[in-house]
Protein chains: 2
Amino acid sequence: MISEKMKGMVKGSSAIRAMFEEGKKMAALYGAENVYDFSLGNPNIPAPESVNKAICEILSQEDPVEVHGYMNNSGYEDVREAVAASLNRRFGTSFTGEAIVMTVGAAGGLNVMFKTLLNPGDEVLVFAPFFGEYRSYVDNFQGILKVVPPQTENFQPNLKAFREMVTPRTKAVIINSPNNPTGVIYSEETIRELAGILEEKEREYRTSIYMISDEPYRELAYDGARVPWLTKYYHNAVVGYSYSKSLSLPGERIGWLVLPDELDDAREVRGAANVATRILGFVNAPSLMQRAVAKCLDEKVNLEFYDRNRKTLCDGLKDCGFSFIYPQGAFYLFVKSPAEDEKEFCERAKKYHILMVPGTSFACPGYVRLAYCVSHETIVNAMPGFKKLAKEYGLESRKD
Amino acid sequence: MISEKMKGMVKGSSAIRAMFEEGKKMAALYGAENVYDFSLGNPNIPAPESVNKAICEILSQEDPVEVHGYMNNSGYEDVREAVAASLNRRFGTSFTGEAIVMTVGAAGGLNVMFKTLLNPGDEVLVFAPFFGEYRSYVDNFQGILKVVPPQTENFQPNLKAFREMVTPRTKAVIINSPNNPTGVIYSEETIRELAGILEEKEREYRTSIYMISDEPYRELAYDGARVPWLTKYYHNAVVGYSYSKSLSLPGERIGWLVLPDELDDAREVRGAANVATRILGFVNAPSLMQRAVAKCLDEKVNLEFYDRNRKTLCDGLKDCGFSFIYPQGAFYLFVKSPAEDEKEFCERAKKYHILMVPGTSFACPGYVRLAYCVSHETIVNAMPGFKKLAKEYGLESRKD
């Protein structure tokens, strides 16, 4: 008796759950330390100690009616001001608190934006490979997700294909950089070119096309790589952020949206985002966590932990003969499958207790995603299995 | 450039905001202590101290990766077990943790249920007067909200009208008891009769009709009044709860849904609710708060505070000559407007710095809602104004 739409989604979700259950089963059979589960993007390093300290300070010093109470649906004024000021320091912008909407994580923020903007049948473009949940978020509001095919040479957005796919019904394009699943950071050149196409199409069609950026991995950029701040390149850019990865708080559901003054109908968009936050049932971002992150705006998780994993995994797999674009950010590696059907590759890897996600889940078959937000030992200990796997596929090891 | 749907909603929301702004303006003009704002259902008593204590204990004793981490979208297993066990103790039920979905407040839970159940065009019935946000929640999923007219003698649901309005497209009926805005508790007799009608219609149409109960005010029942636990009366009953009022944690967005074994397609409904929680962008209920409320399941806010307010307000208004059904629960009083157009009454009350919400907002014109979750002094000090107001309308005071 569930809705027709949900029937398909429950089925899709069962596949993910089946993989998760298989991981647990394998752990029970072989011991957790002998299972190398690279399938989950679940941070496994703790939040900085300052977060818990901030929470306890707030509880002991501030008025409980305020701390646990309702506020403006867009968030506490002082928290929004603090977030804006922090962005202005980092990016040379000049946002006021009015531009900020505190959200139930980045996923909540994206849903708020699609509720705000989409009429049924409006098109949202996304670049493959992409995080599969975007499909559901757009569908929640009867939008049509159109997938721009991948550019596998470098996994930068395929702008040639993109230009052809923009229509008068295009309402938004989703950007996700550092990218899940590739770890690629979209270059400044890419962003400039993309902005140019959007401006051109806006003029041509006399429409507004919003760039909606999903940035949970912004702070996870290695070797000093810079992640372009989109509102500097395009007037209709909305940035969505989450503290899930930068502060290791994924369960707390806390993030924000920036809705700059430069947006077409900025005032109306902000008003609608405020109402959407309420009527979608979020009501507001969790109150204590709003106040806590405002005290930790300059904190970060230990990036070196992920960076070390990145190097060990990339070096190891390269030595085995696997091919991939070296990731600059996030905690994912997107590896070319040595088998044409990457699902077969994933299946065979299970023989060595290695779990990976097929690229088909990210609209990019022929590749597999490895999440390296695991313990360093998991990577080290998985390597003999990867080596054997590579040999089975006749890959040329660089070290043998 | 916002969506067509949102345009109307932003407009409606502006009216509420206008009232809020007017309250602030009056406070600035006359001093906050001279403005009697009964318009907001915002608890103004602090959470029990045990809540903050529980939070600090969790932070100092439990693993931060667990406490702030992702878990099953339906919530931590141990928290769900604890909630189920607590319900079983209170209501003699036999729920397992499987029956519980932790939610982003009751509003989040209702959206999860409507996403789970509604096909476009499905009908949801609701009894006037009702909390206006239900209209948006149902509309989020292209459901049709059908309003059963009020039964103003006692504000119990109008079951005669209800029976006529159930059709083969009826997917759910919303129950809200103790009720916002009347404070009335739906009697056991009402619930039995309602369940009987639903069973009859389910047989007649060969459909499933879900009773969806919104129970943020369950613990706010006075004089030992009992709030019937719906799963004992009807097989397709889903209960949604929130700690917003019972623990004064409205900003934290924490609650749960009970999806009993007895539901038609219980397994499928639970699976869909789990997926809906994720794809609507909630992902999961805030993690630290899940663990905190699990440690405070037997705690309650100071009910005597609200009860004292209730008595003072009811006695005072009765003495002025106003008419209303004496509320048994929640913190609302629904007063018959002495003017035919209750908006005129609300306007005139502003002369005495009294703010109330017109019944039209609850699909029940001719009445006004007073929220008495205010300080006791606000009620005492508002009384002279109410007296004058009553005299202006020629009401007969019982004490003069």
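All values derive from a computational prediction rather than experimental measurement.

1. Thoughts on the pairing of strand 3 (residues 123-127) of chain B
Residues and elements named next belong to chain B. With 5 of 5 residues buried, strand 3 lies mostly within the body of the structure. A two-sided burial pattern is seen for strand 3, the buried positions comprising Glu123, Leu125 and Phe127 on one face and Val124 and Val126 on the other. Strand direction decides the pairing type here: strand 3 and strand 4 (residues 144-148), joined by 5 bridges, are parallel. Residue pairing across strands places Val124 opposite Leu145, the latter belonging to strand 4. Once the chain exits strand 3 it traverses helix 6 (residues 133-139) before rejoining the sheet at strand 4, and the crossover so formed is right-handed. Where strand 3 meets strand 5 (residues 170-175), 4 bridges bridge the pair, whose relative direction is parallel.

2. Quick word on the UniProt feature "domain: Aminotransferase class I/classII large" (unreviewed entry) in chain A
When the UniProt feature table is mapped onto this chain numbering, "domain: Aminotransferase class I/classII large" (unreviewed entry) sits at residues 35-382 of chain A. End C-alpha to end C-alpha, residues 35-382 of chain A measures 8 Å, and it is 39% helix and 15% strand.

3. A few points about the packing of helix 12 (residues 303-320) of chain A against helix 14 (residues 376-392) of chain A
Residues and elements named next belong to chain A. Relative to each other, helix 12 and helix 14 sit at 10°, their axes nearing to 9 Å. In terms of orientation, helix 12 lies roughly parallel with respect to helix 14. Crossing of helix 12 over helix 14 shows right-handed handedness. On helix 14, the residues touching Arg308, Asn309, Thr312, Leu313, Gly316, Leu317 and Cys320 of helix 12 are His376, Ile379, Val380, Met383, Phe386, Lys387 and Ala390. Here the contact of helix 12 with helix 14 is built from residues that sort into 8 nonpolar, 4 polar and 2 charged.

4. Side note on the nonpolar core
Core analysis: the largest hydrophobic core is formed by 78 residues, its most contacted members being A:Phe114 and B:Phe114. A:Phe114 has contacts with A:Val124, A:Tyr137, A:Val138, A:Phe141, A:Ile174 and A:Ile212, leaving out every residue within four places of it along the chain. Core analysis: the second largest hydrophobic core is formed by 68 residues, A:Trp229, A:Leu249, B:Ile58 and B:Met102 among them.

5. A word on the interface of chain B and chain A
Size of an interface: often given as the accessible area lost when the parts come together. With 74 residues of chain B in contact, the opposing surface of chain A contributes 73 residues. The largest contributions to the chain B side of the interface with chain A come from B:Met1, B:His68 and B:Tyr70, which together make up 14% of the buried area. Scanning the region where chain B abuts chain A turns up 2 salt bridges. The partner of B:Arg278 in a salt bridge is A:Glu133, and the shortest N-O contact between them spans 2.9 Å. Our count for the chain B to chain A interface comes out at 37 residue pairs in polar contact (both at pLDDT 80 or more). Listed by contribution, the elements that provide at least two residues to the side of chain B that touches chain A are helix 1 (4-30), helix 2 (49-61), helix 3 (64-67), helix 5 (105-117), helix 6, helix 9 (243-246), helix 10 (266-279) and helix 11 (287-294) of chain B. By residue class, the composition of the side of chain B that touches chain A is 36 nonpolar, 25 polar and 13 charged.

6. Points about the sheet that holds strand 11 (residues 357-358) of chain B
All names here are of chain B. The strand order 9-12-11 describes an open sheet built from 3 strands, whose pairing is antiparallel. Either end of the sheet is taken by a strand with one partner, and the two such strands are strand 9 (332-336) and strand 11. Where strand 9 meets strand 12 (residues 367-371), 5 bridges bridge the pair, whose relative direction is antiparallel. Bridged to Tyr332 within strand 12 is Ala371.

7. Some points on helix 12 of chain A
All names here are of chain A. The terminal C-alpha atoms of helix 12 lie 26 Å apart, and with 18 residues this matches the ideal 26 Å at 1.5 Å per residue to within 8%. Listed as buried for helix 12 are Tyr306, Asp307, Asn309, Arg310, Leu313, Cys314, Gly316, Leu317, Asp319 and Cys320. The inward-facing, buried residues of helix 12 contact strand 9 (332-336), strand 12 (367-371) and helix 14. Once helix 12 finishes, Gly321 follows within two positions and takes phi at roughly 105°, a positive value.

8. Brief notes about the relation of the copies chain B and chain A
Between the two chain copies there is a screw-like relation: a rotation about an axis and a shift along it. Laying chain B over chain A is done by rotating through 180° and shifting 0.0 Å along the axis; what remains is an RMSD of 0.0 Å. Considering both components of the superposition, the chain copies are consistent with a two-fold axis. Considering only C-alpha atoms, the part of chain B nearest the rotation axis is B:Cys56, at 3.1 Å. A symmetric contact is evident, with 99% of the interface residues of chain B recurring at the interface of chain A.

9. Notes on the side chain of A:Thr116
Assignment of secondary structure puts A:Thr116 in helix 5 (residues 105-117). Judged by relative accessible area, A:Thr116 falls into the buried class, the value being 0%. A distance of 2.8 Å separates the side chain of A:Thr116 from the backbone oxygen of A:Val112, its partner in a polar contact. Those residues in contact with A:Thr116 that sit more than four places away from it in its chain are A:Val269, A:Ala272, A:Ala273, A:Ala276, B:Ile2, B:Ser3 and B:Met6.

10. Points about the pattern of salt bridges
Counting across every chain of the model gives 50 salt bridges over all chains. Where B:Asp223 meets B:Arg310, a salt bridge forms, and the shortest distance between an N and an O atom there is 3.0 Å. Of the two residues, B:Asp223 is situated in the loop between strand 6 (210-214) and strand 7 (237-242) and B:Arg310 in helix 12 (residues 303-320); the sequence distance between them amounts to 87 residues. Judged by its relative accessible area of 63%, B:Asp223 falls in the exposed class. Put simply, A:Asp223, A:Asp307, A:Arg310 and A:Lys311 are held in one network by salt bridges that share partners.

11. What to know about the confidence of the model for chain A
Note that predicted coordinates carrying low pLDDT should not be read in detail. Within chain A, residue pLDDT values average 96, and 99% of them lie at 70 or more. Scoring of the predicted complex yields 0.97 for pTM and 0.96 for ipTM.

12. Describing unusual backbone geometry
The step from A:Asn180 to A:Pro181 runs through a cis peptide bond, and the omega angle for that step is 20°. Topologically, A:Pro181 is positioned in the loop between strand 5 (170-175) and helix 8 (188-205). Even without a glycine there, the phi angle at A:Ser248 is positive, about 50°. Take A:Ser248: it is sitting in the loop between helix 9 (243-246) and strand 8 (255-258). Even without a glycine there, the phi angle at B:Gln142 is positive, about 60°. Turning to its location among the elements, B:Gln142 is positioned in the loop between helix 6 and strand 4. Using a relative accessible area of 23% as the deciding quantity, one classes B:Gln142 as partly exposed.

Analysis parameters
Residues numbered from 1 in each chain as written. Chains lettered and ligands numbered in written order. Predicted model: local features only at pLDDT ≥ 70, side-chain atom pairs only at ≥ 80, totals over all residues. Heavy atoms only, no water. Buried < 20%, exposed > 50% of the residue type's maximum accessible area, 1.4 Å probe, protein only. Helix = DSSP H or I, 4+ residues; strand = E, 2+ residues; numbered from the N terminus. Pairing = 2+ DSSP bridges. Right-handed = clockwise from strand over helix to strand, strands pointing away. UniProt positions renumbered as here; feature names shortened; annotations may be inferred. Axes fitted to C-alpha atoms, helices over the stretch in contact; angles between N-to-C directions. Parallel < 35°, antiparallel > 145°, perpendicular 65-115°, else oblique. Left-handed = near helix turned anticlockwise from the far one by under 90°. Contact = heavy atoms within 4.5 Å. Nonpolar A, V, L, I, M, F, W, Y, C, P; charged D, E, K, R; others polar. Core = buried A, V, L, I, M, F, W, Y, C linked by side-chain atoms within 4.5 Å. Buried area = accessible area lost by both parts, 1.4 Å probe. Salt bridge = Lys/Arg side-chain N within 4 Å of Asp/Glu carboxyl O. Polar contact = N/O pair within 3.5 Å; in protein donor to acceptor, adjacent residues only side chain to side chain. Expected span 1.5 Å × (residues − 1). Least-squares fit on C-alpha atoms with pLDDT ≥ 70 in both. pLDDT = per-residue confidence, 0-100.

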